[in-house]
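# Observations on the three-dimensional arrangement
Below are the chains, spelled out letter by letter.
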Amino acid sequence: MAQAGTAPVLATPSDAIAAFERDLPKALKGRTLEEAGWRRLDGITLLVPLQGQQANGTVDDYLLRLGFACYPDWPPSAIFVNTQTLSYDPAKDKCWLPHLDGCNEIAIHQNYNNQGQLVCCSLTLEFYAVKHGVQPEHVWNPQMHNFSATINQINWALKSQFYKGRQDVLPLR
Amino acid sequence: MTNEPEKKPDSKPDDNPGGPIVEVTNLNTNDSVKFHAKWEETLQQVWTTAYTELKESPKPGDELLCEGGASLMGYLNLTLAQLRDQKVCQNRKYQIRRATGGA
């Protein structure tokens, strides 16, 4: 069970896959993976396209990669990735990160304490891996959360007044 | 601006004889409930009913959203009829978002 100050523990692969597949229909809400535009890379990795919407109406496309190695006792890993490489390099991929400004519930760090990208929110695995402080009422609880919560909260932030565009400009192609 | 509740022309003011149907989703789980409400109920009352239907309890920091993400916290004292007339969140699909830690 997730708790602050404790390193996340891997689930057995069969348990992780079973929990992911149990919760996937709820996340899809009657859609297929294709209809949702999602892509399952392997048994425990899911790619979810998201859009940020700025106050001026500009829409920015992102790709969120969820990992379920510790699920469901811990939340999914959640990082934004380069849409070409499907991975994240802190030295090169800042442009693939959304910029959230002024929100006290979630932030996105390019390279948090040299530990890599951090979607700083109590619904992501990395938040616990870096041993971020958290109020007890915000700790991930597999009885009350499933991975829809992670997607929904990040999606909410990308549509909120806190969203300010990309962290860096996209390179010319 | 994305934080304004959706305002669209409505179709029929009394579109269901049993009262308007509302749908509320718990964003922590994506569980949804649908139920009949009354036009004279306030959004706060509908929200309270939704917690019961979802077998959830309200917590400090919870926020009621319109589908799409616009906050409805400034409209809690309005009735569904008033929301209809003001063309606020016309599809009556609501979401409960719980606060998280982070940043």
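Refer to the structure printed above.
Residues numbered from 1 in each chain as written. Chains lettered and ligands numbered in written order. Predicted model: local features only at pLDDT ≥ 70, side-chain atom pairs only at ≥ 80, totals over all residues.

## Quick notes on the overall build of chain B
- When helices and strands are counted, chain B shows 2 helices and 4 strands.
- Along chain B, helices and strands appear, N-terminal first, in the series β-β-α-β-α-β. (Helix = DSSP H or I, 4+ residues; strand = E, 2+ residues; numbered from the N terminus.)

## Looking at the overall build of chain A
- Assigned secondary structure in chain A consists of 4 helices and 8 strands.
- Mapped in sequence order, the helices and strands of chain A form the string α-α-β-β-β-β-β-β-β-α-α-β.
- Computed over its C-alpha atoms, the radius of gyration of chain A comes to 15 Å, within 12% of the 16 Å expected for a compact globule of 173 residues.
- Considering only intrachain contacts with a sequence separation of at least 6, the fraction spanning at least 24 residues in chain A is 59%. (Rg over C-alpha atoms; globule rule 2.2 N^0.38 Å. Contact = placed C-beta atoms within 7 Å.)

## Examining helix 4 (residues 147-158) of chain A
- A rise of 1.5 Å per residue sets the reference length of helix 4 of chain A, with its 12 residues, at 16 Å; its end C-alpha atoms lie 17 Å apart and thus fit the reference within 8%.
- Residues of helix 4 of chain A that are buried: Phe147, Ser148, Ala149, Thr150, Ile151, Asn152, Gln153, Ile154, Trp156, Ala157 and Leu158 of chain A. (Expected span 1.5 Å × (residues − 1). Buried ≥ 20, exposed ≤ 12 C-beta atoms within 10 Å, placed from the backbone.)

## Let's talk about helix 1 (residues 43-53) of chain B
All names here are of chain B.
- Buried residues of helix 1: Leu43, Val46, Trp47 and Ala50, and no others. Buried residues of helix 1 fall within an arc of 100° about the axis and therefore sit on the same side.
- Where the residues of helix 1 are buried, they touch strand 1 (21-26), strand 2 (31-36), strand 3 (63-66), helix 2 (80-85) and strand 4 (93-97). (Arc of directions from axis to C-beta.)

## Brief notes about the nonpolar core
- In this structure, Tyr71, Val119 and Ala157 of chain A together with Leu72 of chain B are the most contacted members of the largest nonpolar core, which totals 63 residues.
- When residues in this core are grouped by element, the largest group, 7 residues, is from helix 4 of chain A.
- Each residue touching Tyr71 of chain A, except ones within four places of it in the same chain, is listed here: Ala11, Ala16, Ala19, Phe20, Pro76 and Phe147 of chain A. (Core = buried A, V, L, I, M, F, W, Y, C linked by C-beta atoms within 7 Å.)

## Thoughts on the interface of chain B and chain A
- Listed by partner, the interface residues are 15 residues for chain B and 30 residues for chain A.
- For the side of chain B that touches chain A, the residue count by class is 4 nonpolar, 9 polar and 2 charged. (Nonpolar A, V, L, I, M, F, W, Y, C, P; charged D, E, K, R; others polar.)

## Here's the deal with the sheet that holds strand 2 of chain B
All names here are of chain B.
- Taken in spatial order, the 4 strands of this open sheet run 2-1-4-3, and their pairing is mixed. Where the open sheet ends on each side, the last strands, each with one partner, are strand 2 and strand 3. Each adjacent strand pair in this sheet contributes to an overall mean axis angle of 25°, direction not counted.
- Examined bridge by bridge, strand 1 and strand 4 share 4 bridges and lie parallel to one another. Pairing of Thr25 across the sheet is with Gln95, part of strand 4. (Pairing = 2+ DSSP bridges. Axes fitted to C-alpha atoms, helices over the stretch in contact; angles between N-to-C directions.)

## A word on the sheet that holds strand 4 (residues 77-80) of chain A
Residues and elements named next belong to chain A.
- Strand order in the open sheet made by the 4 strands is 1-2-3-4, with antiparallel pairing throughout. The sheet terminates laterally at strand 1 (39-42) and strand 4, the two strands that pair on one side only. Averaged over all neighbouring strand pairs, the angle between strand axes comes to 30°, with direction disregarded.

## Here's the deal with unusual backbone geometry
- Here Tyr71 of chain A and Pro72 of chain A are connected by a cis peptide whose omega angle stands at 5°.
- A positive phi angle, near 60°, is found at Lys87 of chain B, a position not held by glycine.
- Counting through the fold element by element, Lys87 of chain B comes out in the loop between helix 2 and strand 4.
- By the C-beta count within 10 Å, which is 13 here, Lys87 of chain B ends up partly exposed.

## Considering the packing of helix 1 (residues 13-28) of chain A against helix 4 of chain A
All names here are of chain A.
- Between helix 1 and helix 4, the least distance of the axes is 9 Å, while the angle of their chain directions is 35°. Within the contact between the two elements, helix 1 uses Asp23, Lys26 and Ala27 and helix 4 uses Phe147, Ser148 and Ile151.
- Classifying every residue of the contact of helix 1 with helix 4 by side-chain character gives 3 nonpolar, 1 polar and 2 charged.

By themselves, these observations are geometric and do not establish any function.
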